[in-house]
Each structure stands twice: as structure tokens, then as C-alpha cells.
Amino acid sequence: MGIVVENISKRFGHFQALDQVDLVVPDGKLVALLGPSGSGKSTLLRAIAGLESPDQGKIWINGQEMTHLNVQERQIGFVFQHYALFKHLTVRQNIAFGLEIRKVKGAEVRRRVNELLDLIQLQGLGDRYPAQLSGGQRQRVALARALAVQPQVLLLDEPFGALDAQVRKDLRRWLRDLHHQVNLTSVFVTHDQEEAMEVADEIVIMNEGRIEQVGTPQAVYDNPATPFVMKFVGEVNILPSGLHRTHAQMGSSVFIRPHAIKIQSQPTATSLAATITHVVYRGWGVHVELMLSDRIPLTAQLDRQEWEFLGVDTGETVQVELQEAIAFADGQQQSGNPPLLFR
């Protein structure tokens, strides 16, 4: 039955951290809470965990109301950004800690710890201490400790935020695969769009204490519900409405993804002249920065073959076609207000 959040609000002094938030996390799904700092994502996670008491609203986990229950009663597995492992305990002892507190029999504790060491791929490291592990290994142990008590749901607050870029990428894939194995309803907080897109089944995009949009990674990228989502998820060019003929009467900005800009050498009735100001090679493709004649910057994304076929370079003038331009009917950041797409 997953997690249901109904009309949750939370204020810290004059700051409205959560403002009448409603959310359903389906059973067995891995869901990302994505948003900038101060958007309310960590406060929402902590409210679900019982680490924060909401000012109003209700929270259900697997059909049972949990709003006023403490952390222990909720049977939550919680993973913090900075591991929170016991330094004086070995890996085995850290994983076993919650089980021993619950007075689980020794044989069952050993069986469960061995099972989890296999699951997190740290067989043979059970007798080491946290200081003898890498950051990525420590976070795996923190996850195993959270899973040891067989929680109803797993909550992770910026679980990879303290790790370097390559380790984060490795752990993203590992977390996704792990989730498929344990099939546990999971919610993780991140401000990293790429991380959310790669790992999550669904993404909840938050801004100023409210939810802007909930959807699959593809849905929030291809069909953003608000201007904020359009700007926050993936790269985007923001142009004046009058620049694009289709939006001349819209009275709002026009949003165009870099991959929806076509660069060509010859002008057409709908193309615009632009000067190439910078080129970034990214292995799989080319990131091209341009300047339109009225000093409006533009970024395009091409694959290597397209770029090499054009045969142009920095400082040269080219023609650009603005394809798949998106505008929002009233320019407001309101959920449920579909954008207008013009090709």
C-alpha cells in the first residue's frame, strides 16, 4: 500500500518548509524527492520517518496511520548522508545492532548479517571497522544496517552526497539493482537531477514547500507541468516570446531544450543567424554555445557525427532552427497547467 501523505504542512518560525503537501508513494516503488535547497524535500522525508512532527496533515504507511507514532513504532529504515556508523563497532556489529536491540536470537542475527553482507557485496569485510572502509563501502554498510530490521519502508536522505562523483555513479547503479532485489518501498532525497533520472521509478519535484510535479523520469523531462520543472530538470534555453514566431502572442518565455536546436549552414525562412562562441566536446556529443544577433545566448547539443558534418568552429556564423519550443499558457508555476508544444 506504500506511503500516503495528506495535506502535510510544517513551519519553522517564519519559514514555511511544507505547504499542504499531498503525495502517494506506490508500494514497491523507488521514488526520488528532487528539488533545490530549501524546497522542503528533506523536511518531507523526516516527517514520513517521524523525525519531524507536522503542524497539520496525516501520514499513512502500508495502510496504518503513523502521524503521531514515534520513529521506532513506524518500522522505518533510515539512511543518512554521513553514514552515522558506530566507529567502535565492526561492520558485522554495525549491521547487527538493530537486531540485537530487538533481542533477536544470535543464530538468526548471524544468518541475517551474512545475508546482508552478500547483498551489499562486502563479503570478507565483516570484521573491519568503518575507518578501514572507503566512503562507498561505508554507505553500503549503512544501507545494510537499515535493511537488517526488515523495515516497512526505506528512507534515504542525500545518501550519496558525501561521496565523490565516480563513487556516486557506481552506487547509483548498485542502489537501483539492490532495490529490484529487495522490492521495498523506498524514498530518497537528492538535489542531483541526473541521479534522480537514473535511479528513480518516479520523481517528485519540489519547490518552496510544494510539489510541482510527480511522474516518471521521462514524463517530467518531456512533459514538464510548470516553468520551474522545465528549468530544473535538464538543460534548457529560455528565450523571449517574440523571438519564436509561434509564441509571438503568448506573453511568456519560450523554453527550448539544447537537443531541439538544429544548426545548419544555409538560412531558411524560419532560421536565425547565430555566432558560435564556445564548443565543449563531451565524448558522446558536442555542446555548442552560440550568441544570437540580439545578444541572446543559446546552447545546442549535437552528436559527434552531426558536428563533424557541419565543419564549422568557434567564431563562425551559422543558422539555427528552434524546434520543439515549449511555452506555458499563463507563465505561472501551477501544477496541472500543461505546456504548449510547437514543432
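Going by the structure above, here's the rest.
Residues numbered from 1 in each chain as written. Predicted model: local features only at pLDDT ≥ 70, side-chain atom pairs only at ≥ 80, totals over all residues. Heavy atoms only, no water.

1. Thoughts on the pattern of salt bridges
Then step 1. The tally for this structure, following the rule as stated, stands at 13 salt bridges.
Then step 2. Linking E108 and R111 is a salt bridge whose minimum nitrogen-to-oxygen distance equals 2.6 Å. Taken together, the residues span about one helical turn, with E108 and R111 both in helix 4 (residues 106-119) at a distance of three residues.
Then step 3. When its relative accessible area of 34% is taken as the criterion, E108 is described as partly exposed.
Then step 4. For R111, a relative accessible area of 39% translates into the label partly exposed.
Then step 5. Of the charged contacts in the structure, one is a salt bridge between E115 and R111, with a shortest N-O distance of 3.1 Å. Taken together, the positions of E115 and R111, both in helix 4 and four residues apart, correspond to about one turn of that helix.
Then step 6. Connected via shared salt-bridge partners are R172, R176, D192, E194, E195 and E198. (Salt bridge = Lys/Arg side-chain N within 4 Å of Asp/Glu carboxyl O. Helix = DSSP H or I, 4+ residues; strand = E, 2+ residues; numbered from the N terminus. Buried < 20%, exposed > 50% of the residue type's maximum accessible area, 1.4 Å probe, protein only.)

2. Observations concerning the side chain of Q152
Then step 1. Here Q152 shows up in the loop between helix 5 (135-148) and strand 7 (153-157).
Then step 2. What Q152 contacts, discounting residues up to four positions off in sequence, is I61, N62, M66, R74, Q75 and L184. (Contact = heavy atoms within 4.5 Å.)

3. Concerning the side chain of R140
Then step 1. Take R140: it is sitting in helix 5.
Then step 2. The side chain of R140 is buried and forms no salt bridge, while D170, the nearest opposite charge, is found at 6.9 Å.
Then step 3. Not counting chain neighbours up to four residues away, the residues in contact with R140 comprise I120, Q121, L122, L171 and W174. (Lys, Arg positive; Asp, Glu negative; His and termini not counted.)

4. Quick word on the sheet that holds strand 7
Neighbouring strands of a sheet are bound in pairs by backbone hydrogen bonds; such pairs are parallel or else antiparallel.
Then step 1. The mixed open sheet is built from six strands, whose spatial order is 6-7-8-3-9-10. Each edge of the open sheet is held by one strand with a lone partner, namely strand 6 (76-79) and strand 10 (210-215). The average undirected angle you get between the axes of adjacent strands in this sheet is 20 degrees.
Then step 2. Sheet topology places strand 3 (residues 30-34) next to strand 9 (residues 202-207); four bridges connect them, and they run parallel. (Pairing = 2+ DSSP bridges. Axes fitted to C-alpha atoms, helices over the stretch in contact; angles between N-to-C directions.)

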